[in-house]
Structures are given as C-alpha cells and as structure tokens.
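Chain and residue survey
For reference, the chains in residue letters:
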Amino acid sequence: MRNSGAVNQVAIATSGMWTLDGRSDAVAGNTSIRVGRMNQWQREAVAKVLRLAYSLRQNWDSYGSAPIRPWVVNAAIELIREVPFDNLSAPSVVPVSGGGIQLEWSEGNRDLEIEVRPDRSIEGLKVLAGMPVDDGQELTSGADIEQLFSWLIAG
Amino acid sequence: MRTGNNTLPDYTDPPVDETYASIQFAPIPGFGIPHFGLFWPEIRKDFPNFQVQAPVPSATEQLEAGFRNAPSFGIQLVSSPDVRCWFLDKTQNRLIQIQNDRFIHNWRRIKGDEPYPHYPALRETLEKEWRRFCDFLTREKLGAPQVNQCEVTYINHIEYDKGWKEYSELSKVITAWAPPAESSFLPPPERVNMEVHYRIRDNLGRLHVSLTPAIRARDGKEVLQLMLLARGAPASSSVEDVFRWLDVGREWVVRGFADFTTQAMQKMWGRI
C-alpha cells in the first residue's frame, strides 16, 4: 500500500526538532521526533536511529570513528519519513565508520541498503540474492527514493 | 507552592521534559558574529560550553481579526547574522541561546531523572542573564533591545503504561477527550494528534496546546508529548514588563496544563 505522504523532493533537515507538520522547532534544546503521522515501521525505524545515535561515542569502533553526526540523524529520519510505502518492515540500522548510518531493508531475495553519510550525501544500493545489482546511486530526490522502494517491494 | 503565585497548581514529580522562556526583539543593528565571542566571557563561568546552531525564525502572534489559528507559516525571514549560539552549563541541563533577535533560556532533562528546578529558579536565572545581556549591549553601544514577543513553553512527556496504556484510554489522560460511547462505530484510535489554541485574557497573546506521539531522542522511547506554549507582546521593553508578561504566560501554561489533564494523572504526578 502506498503511503499518502509521497513527495517530489527530499527535504533534509539540518538541525532542530521536527514538529507535527514537519517544520523545524529548534527553540527546544532536547530533540524529540513527532511521529503522529508515521506508520508503525517508520516509528520503529526512528526509534532505532535515535537509540543508535545516542549510544555511540567517539571511537565506538576502536578505530577512532566519530559518533553519528547530527545531520546524519536528521537526514536518516527525514528519509524514513519520506518513504512512500506503508507495508514494510522496519530496517536494520547500523553505524558506518566516520559518523554515518546505513539502513537495510529486506523483502524476499531483495535487499535495499541506504547509507547516509556525514559528507551530506545519501547512496542507495540494490542487492538481489546477495549480489549488488549495480554500483549504487546517489539519492537526490523523492523520486529516487520511490524508485528504489518500488524495486524492493516488487520482489 | 514554590512559585510567586501561591494559587497555582504544583507537582512533586511533573512530567516536564523541557521548559524554556524566550524574549524576542527587533534585530539589533550592528550585532555581528564577533559579539557572541565578546559576550561569552561574561557568562562563561556559568556556561562554559557552546554550540553554533542555525537561527530560529521570528514568531509573532497575530491577534487582530482574521487569524485562522495557525502559527507562522510560509516564508520566514531570518535576520543577520545567520547564527544562533548555545551557551551550555556543565550539566548541559541549562542553556542560554542568543541570536540577533532572540534571547532564550532552556532547562531540559538530559539523563531523565533530574529534579525539575521549578519556575522561580528558572525565572531568576533568566532575569539575571537577560540583564547581563542588556548591559553588554549598552556597553557595546548597540542600544537596548526593543522587545516584541515573549514566550513560555513547557514540553511534557507522558509515558505509556503509567496511568494509561493506549489511545483507547486517552480520556484517562486528557479531560478534553471523551471516553468512547458503548455504541461507538469507530474502533479505538491508533494515534491522536491534537492542537488547541486559546486567546489569553485581555488580548495579551495566545496559548497553544499540542498533543502528539513523539519519540524521545535520549532513549528512543515513544511517549505522548504535551506541549503548552504561551506567546504574546509585553506592554513595553522594560525588564519589569517583560517579566510581568512571562509570569502571565507561565500562569496560563500551568493552569492550562491543570485543565487539560485529568485529576488522576495529576495525582500520579504528585499534585500539591
């Protein structure tokens, strides 16, 4: 089932707290993510991202890696919000050396890996039966996100 | 009661996660990035850490006829310099935020079990730091701030499984939400988002109440977030009038919270 919140453009927050309407309300010092308009998998995914982000400290991988950057957290949450499909499972959320996050969805023999990087880029990789389908693609719009997830659920 | 107004409700264990008071003023001509650095030594003993943030847009209550119960939307002008600075105390519980047209004092829970310091202590800190900021502006020949809006906000986190379990039991938390009728066609709601707006007496401003599920960043836990925000214009830019308005705003938040939530929940939060 398609989520009615499909958009044409990815809007990535760079700071602050997202409110009921997706507007930034950055006067608050604490961050809390309003999830009243998110479905179940999106809420689970947001909770995973936040728990991971707030549990990792400098050198979490013993190789001097930075903690997850605030921009990465915000961008990952905004990406989750923009996925235009309701009937997904919550992704696995794993840290990436250097301060990034990778979100991993799995449907049948299809996997979708999206890496949110601290250099403010987002890359998606389609994996079929354990093998990458291509070299991955940089995500720059809501249409890119929709295309990737359409492929995932077509499996 | 530990506040200036002895008739206001108080709680031994309130669900407040954060509170802040904001003083908004006309952009100060000549206030630039170097002034953040010049001001910091004045408060550095109490606020030894800093973070640079993007500025927040100005927000002004429109109280004339034709208002459609919607806070500011659309294009919002952010004044120069395009910077807001957080000055944080050692615990990170308290912070002062300064930008070209705002001065904000926040108290927030970081670990989750810190006792709420209550309004008189927060007011005292805000007044002390506001006076210090105004003195600094005077010394730098930047003039006195022309205050146009004051704001008091309380963000409460009402946890599930403490007095209620799910949205079918929301009437156990919120007085404005009626319990479902026996013959109700609709199933219990999955989730509820609510926004209610009230005009503050004598047209002093507006109280905004919002209720929404939220995931708390520090532990990834989903809670019901009840935010009460009072905003309006003080009678003048004098410190006395600014804090008179903040006291009124705080009273509306506190009384609004008491009206909006049920006595059963208030008992659990230790209403005095």
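Presented here is an overview of the structure given in this document. Throughout this document, residue positions are counted from 1 along each chain, in the order its sequence is written. Both sets of labels track the order of writing: A upward for chains, 1 upward for ligands. Local features in a predicted model are, by the rule used here, given only for residues with pLDDT of at least 70; side-chain atom pairs are given and counted only at 80 or more, and totals for whole chains, interfaces and linings are based on all residues. As a rule here, side-chain values cover all heavy atoms of the structure and leave hydrogens and water aside.

**What about the overall build of chain A?**
By definition, any uninterrupted DSSP run of H or I lasting at least four residues is a helix, any uninterrupted run of E lasting at least two residues is a strand, and each is numbered from the N terminus. A count of helical and extended segments in chain A gives 3 helices and 7 strands. Walking chain A from its N terminus toward its C terminus, one meets helices and strands in the order β-α-α-β-β-β-β-β-β-α. In this scheme, a residue with accessible area under 20% of its type's maximum is buried, one over 50% is exposed, and one in between is partly exposed, where area comes from a 1.4 Å probe on protein chains only. Across the 155 residues of chain A, 54% fall into the buried class. Whether two residues touch is decided by their heavy atoms; if any such pair falls within 4.5 Å, the residues are in contact. The long-range share in chain A, meaning contacts at least 24 apart out of those at least 6 apart in sequence, stands at 55%.

**Looking at the packing of aromatic side chains**
Residues and elements named next belong to chain B. Here a pair means two rings of Phe, Tyr or Trp (six-membered ring of Trp) with centres within 6.5 Å. Their orientation is stacked below 30 degrees between planes, edge-to-face above 60, and tilted elsewhere. All chains considered together, the criterion is met by 21 aromatic pairs over all chains. With a centroid separation of 6.3 Å and 40° between ring planes, the pair formed by F25 and F133 is classed as tilted. Here the residue F25 occupies a position in strand β1 (residues 16–25), and F133 occupies one in helix α2 (residues 119–139), the gap between them amounting to 108 residues. A residue is classified by how much of its surface remains accessible, and F133, at 1% relative accessible area, is buried. For the pair F257 and W269, a centre-to-centre distance of 5.3 Å together with 35° between the ring planes defines the contact as tilted. Here F257, found in helix α3 (residues 239–260), pairs with W269, found in the segment after α4 (263–268); they are 12 residues apart in sequence, far enough to count as distant.

**As for the nonpolar core**
We define the nonpolar core as a collection of buried residues of types Ala, Val, Leu, Ile, Met, Phe, Trp, Tyr and Cys that are connected through side-chain atoms lying within 4.5 Å of one another. Ranked by internal contacts, the top residues of the largest apolar core, which has 62 residues, are B:F87, B:I98, B:W130, B:F133, B:W164, B:L170 and B:L246. Beyond its immediate chain neighbours, meaning those up to four positions away, B:F133 contacts B:F25, B:F31, B:F39, B:I98 and B:F103. Among the nonpolar cores identified, the runner-up in size contains 40 residues, and A:L50, A:W71, A:L79 and A:V93 belong to it.

**Points about empty space enclosed by the protein**
Residue and element names in this part refer to chain B. For cavity detection a 1 Å grid was placed over the protein atoms alone, and a set of points counts as a cavity when a 1.4 Å probe fits there but cannot get out; an open set counts as a pocket when protein lies on both sides within 12 Å along at least five of seven lines, with lining residues being those that have an atom within 4 Å of a point. Grid points are joined across faces, edges and corners, and a volume is the space filled by probe spheres set on the points. In total, this model carries 4 cavities of 30 Å³ or more according to the counting rule given. As for the second largest cavity, its lining consists of 13 residues, and the residues nearest its centre are T19, Y20, A21, Y119 and L122. Here the lining of the second largest cavity gets 4 residues from one element, more than from any other, and that element is α2. For this classification, the nonpolar set comprises Ala, Val, Leu, Ile, Met, Phe, Trp, Tyr, Cys and Pro, the charged set comprises Asp, Glu, Lys and Arg, and every other residue, Gly included, is treated as polar. Along the lines of polarity and charge, the residues of the lining of the second largest cavity split into 9 nonpolar, 3 polar and 1 charged.

**Digging into the interface of chain A and chain B**
Taken together, the 25 residues of chain A in the interface contact 36 residues of chain B. Here the quantity called buried area is the total loss of accessible area, with a 1.4 Å probe, experienced by two parts when brought into contact, counted for both. When the two sides are added together, the surface that chain A and chain B hide from each other amounts to roughly 2,400 Å², 51% of it contributed by carbon and sulfur. Interface area lost by chain A to chain B is led by A:V27, A:N30 and A:R34, which between them contribute 27%. The working definition used for a salt bridge is a side-chain nitrogen of Lys or Arg within 4 Å of a carboxyl oxygen of Asp or Glu. Across the contact surface, chain A and chain B share 1 salt bridge. The salt bridge partner of B:E222 is A:R43, with a shortest N-O separation of 3.1 Å. Pairing of N or O atoms within 3.5 Å defines a polar contact, subject to two protein rules: one partner must be a possible hydrogen donor and the other a possible acceptor, and residues neighboring in sequence count only if both atoms are side-chain atoms. Scanning the region where chain A abuts chain B turns up 17 residue pairs in polar contact (both at pLDDT 80 or more). Only β1 (32–34) and α1 (40–55) of chain A provide two or more residues apiece to the side of chain A that touches chain B. No other element matches α1(A), which puts 6 residues into the side of chain A that touches chain B. Bridge analysis of β1(A) against strand β8 (residues 205–216) of chain B gives 3 bridges, and the strand direction is antiparallel. Paired strands, as defined in this entry, are two strands with at least two bridges between them according to DSSP.

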